[in-house]
2 protein chains.
Amino acid sequence: MTEKAIFYHAGCSVCVDAEQRFAGALDKSRFDVEIVHLGEQKGRLAEAKAAGVRSVPAFVIGEDVYHINHGADISAVG
Amino acid sequence: MTEKAIFYHAGCSVCVDAEQRFAGALDKSRFDVEIVHLGEQKGRLAEAKAAGVRSVPAFVIGEDVYHINHGADISAVG
């Protein structure tokens, strides 16, 4: 069974690099990866903040948040 | 061809969690993952610092460093 992994980003260069390196690199037999551009999908901001995302890029997997490097504070996104 | 990915950690809980989530989750057809415990392998500290690792846990892939969350500053490791 695959686990849902949501990659939140905002189009910044740090985000795009992390997306290319990690979001595409996770084992697809284990993870169902969804990529959410918070700059374009502002309706998803509340859900990201509720999950604990403080900056982008970040993965939310289950209950856990993984901030990868630092592109932008989520407050700068919306 | 696989790309080398080195996961540096120091045994902290944040490190272990990131290791379980990411180090084992990368697509093995794309990445050759090496796991280095800097607390036990102090001889690898210089190489990690030279690669740009500022805190653990972190991945070094090619020329790039990806700090995942924050377990400990590398200066606290050695």
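Residues numbered from 1 in each chain as written. Chains lettered and ligands numbered in written order. Predicted model: local features only at pLDDT ≥ 70, side-chain atom pairs only at ≥ 80, totals over all residues. Heavy atoms only, no water.

Student: Looking at this model, I keep getting lost on the interface of chain B and chain A. Mind explaining?
Tutor: Where interface size is given, it is often the accessible area lost as the parts come together that is meant. Across the boundary between the two partners, chain B contributes 20 residues, which contact 20 residues of chain A. For the chain B face of the interface with chain A, the top three residues by lost area are Arg21(B), Phe22(B) and Tyr66(B), together amounting to 38%. Arg21(B) is paired through a salt bridge with Asp64(A); the nearest N and O atoms lie 2.8 Å apart. Scanning the region where chain B abuts chain A turns up 16 residue pairs in polar contact (both at pLDDT 80 or more). Among the secondary structure elements, those contributing two or more residues to the side of chain B that touches chain A are α1 (13-23), β3 (55-61) and β4 (64-73) of chain B. Here the element with the most residues in the side of chain B that touches chain A is β4(B); it accounts for six residues. Among the residues forming the side of chain B that touches chain A, the class breakdown is 10 nonpolar, four polar and six charged. (Contact = heavy atoms within 4.5 Å. Buried area = accessible area lost by both parts, 1.4 Å probe. Salt bridge = Lys/Arg side-chain N within 4 Å of Asp/Glu carboxyl O. Polar contact = N/O pair within 3.5 Å; in protein donor to acceptor, adjacent residues only side chain to side chain. Helix = DSSP H or I, 4+ residues; strand = E, 2+ residues; numbered from the N terminus. Nonpolar A, V, L, I, M, F, W, Y, C, P; charged D, E, K, R; others polar.)

Student: Before we go on, may I ask you to explain the state of the cysteines in this structure?
Tutor: Structurally, a disulfide amounts to a covalent bond that connects the sulfur atoms of two cysteines. Residue and element names in this part refer to chain A. A complete count under the given rule lists two disulfides over all chains for this structure. With its sulfur 2.3 Å from that of its partner, cysteine 12 forms a disulfide with cysteine 15. Handedness of the cysteine 12-cysteine 15 disulfide follows from its S-S torsion of about 70°: it is right-handed. (Disulfide = S-S within 2.5 Å.)

Student: Please explain the pattern of salt bridges as it appears in this structure.
Tutor: With the rule as written, the count across this model stands at 10 salt bridges over all chains. Look at the salt bridges and you will find they share partners, linking Lys4(A), Glu34(A), Arg44(A) and Glu47(A) into a network.

Student: So what exactly am I meant to see when it comes to the relation of the copies chain B and chain A here?
Tutor: Least-squares fitting of chain B to chain A yields an RMSD of 0.0 Å, with the transformation described by 0.0 Å of translation along the axis and a rotation of 180°. Between the two chains, the operation in question is that of a two-fold axis. When you check the interface residues of chain B against chain A, 100% turn up at the interface there too, and the contact is symmetric in its surfaces. (Least-squares fit on C-alpha atoms with pLDDT ≥ 70 in both.)

Student: Is there a simple way to explain the pairing of strand β1 (residues 3-9) of chain A in this structure?
Tutor: If a strand is regular, its side chains alternate between the two faces of the sheet. Residue and element names in this part refer to chain A. Here β1 lies mainly inside the structure; five of its seven residues are buried. With respect to chirality, the unit in which β1 leads through helix α1 (residues 13-23) into the neighbouring parallel strand β2 (residues 31-37) is right-handed. By the bridge criterion, four bridges tie β1 to strand β3 (residues 55-61) in an arrangement that is antiparallel. Note on β3: the bridge partner recorded for tyrosine 8 is alanine 58. (Buried < 20%, exposed > 50% of the residue type's maximum accessible area, 1.4 Å probe, protein only. Right-handed = clockwise from strand over helix to strand, strands pointing away. Pairing = 2+ DSSP bridges.)

Student: Looking at this structure, how should I read the pairing of strand β1 (residues 3-9) of chain B?
Tutor: Looking at chain direction, β1(B) and strand β2 (residues 31-37) of chain B are connected through seven bridges and run parallel. Within the sheet, the bridge partner assigned to Glu3(B) lies in β2(B) and is Phe31(B).

Purely spatial values, then, with no claim about function.
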